[in-house]
Amino acid sequence: MSAEVDALTVVNQLRDLAADPLNRRAIVEDQGCLPGLILFFDHPNPQVVYSALLAVRYLAECRANREKLKSELGMMLSLQNVMQKSTSPGETKLLASEIYEILQSAGKEEAEQAEAAAASCRRKAHFFLGSNNKRAKTIVLHIDGLDDSTRRSLCEEALLKIRGVISFTFQMAVKRCVVRIRSDLKAEALGTAINSTKVLTAQQVLKTEDGELMVPFQEDSAVLVEENTDIPDYLPEDESPSQEQDKAVTRVGSITDGTGWLSTAANFLSRSFY
């Protein structure tokens, strides 16, 4: 197995572990994982860079992690480098910019954020922060058929192919997916891509004065979905490390198991970079 595939395997596993809120503190407290993720920001494979950024984005959702992330050696400078790098894909720059803004504001708005914490939890449309970013917007989808890890992987593949998708998070218990997209991308493009799987059906969740309203996407609407070619496709299923990702994410609900895997990742990072 090549070093690049090894790197992709490790960063994808870290991304999937970071997607579980139970693992975020352990990852940030591990001495090897954050330095490794920062080094991945400069990796020649843009998919490795994007996965590393998405992992940090997940970690930053935990407010207690933000000061540590911000103060980690090289974090802010590396994010700036990704944002300014001419070869960085547009979605990668937007994600790096969003992370940078969140970490920059860490510590400055603690009182205001604490006061709004309860409201933020109720308003799932704001699951990803940075809603004041005019270049991006948040779309909440209810997806019928989103019942297990196989269906989730199918939905991930559909979303990753869309140019303009910045990041997304699943709420499996309520069959929801919260997607951050560029402001010029229509929500219908998400619905078209997900519905094209034939086993998943997406509806947009809208907030109203009376609560939530679920709006189905028109089956006969001809929305052109621009495929994302900036970021390379994920590995084929027979080679992809994501074959075991759902077992890993479920298994690491136990912090002990998660920490064990983090040690393995840290060993890889030390062997590769130090």
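All figures in this text were calculated on a predicted structure; none of them were measured in a lab.

## Some words on the overall build of the protein
Assigned secondary structure in the protein consists of twelve helices and five strands. Scored against the burial criterion, the 274 residues of the protein give a buried share of 49%. Pairs at least 24 residues apart make up 73% of the contacts formed inside the protein by residues separated by at least 6 positions. For the protein, the exposed area adds up to about 13,700 Å²; of that, 51% sits on carbon and sulfur atoms.

## So, the pairing of strand E3 (residues 176-182)
The element E3 is extensively covered by neighbouring structure, given that six of its seven residues are classed as buried. Direction of pairing for strand E1 (residues 136-144) relative to E3: antiparallel, over a ladder of seven bridges. Directly across from His142, in E3, lies its bridge partner Arg176. Summarising the sheet, strand E2 (residues 165-171) and E3 pair through six bridges and their orientation is antiparallel. Residue pairing in the sheet places Phe168 in a bridge with Val179 of E3.

## Regarding a nonpolar patch on the surface
Judged by side-chain polarity, Leu206, Leu213 and Val215 come together as a nonpolar surface patch covering roughly 210 Å² of accessible area. Tracing the backbone through its elements, the reader meets Leu206 in strand E4 (residues 201-208). Exposure remark for Leu206: the relative accessible area of 32% places this residue in the partly exposed category.

## Some remarks on unusual backbone geometry
The backbone phi angle of Lys175 is positive, close to 55 degrees, even though this residue is not glycine. Take Lys175: it is sitting in the loop between E2 and E3. For Lys198, which is not glycine, the phi torsion reads 75 degrees and is therefore positive. In this structure, Lys198 sits in the loop between helix H10 (187-195) and E4.

Conventions adopted
- Residues numbered from 1 in each chain as written.
- Predicted model: local features only at pLDDT ≥ 70, side-chain atom pairs only at ≥ 80, totals over all residues.
- Heavy atoms only, no water.
- Helix = DSSP H or I, 4+ residues; strand = E, 2+ residues; numbered from the N terminus.
- Buried < 20%, exposed > 50% of the residue type's maximum accessible area, 1.4 Å probe, protein only.
- Contact = heavy atoms within 4.5 Å.
- Areas by Shrake-Rupley, 256 points an atom, 1.4 Å probe, with all protein chains shown as cover.
- Pairing = 2+ DSSP bridges.
- Patch = residues over 30% accessible without salt bridge, like charges linked within 9 Å, V, L, I, M, F, W, Y side chains within 5 Å.
- Salt bridge = Lys/Arg side-chain N within 4 Å of Asp/Glu carboxyl O.

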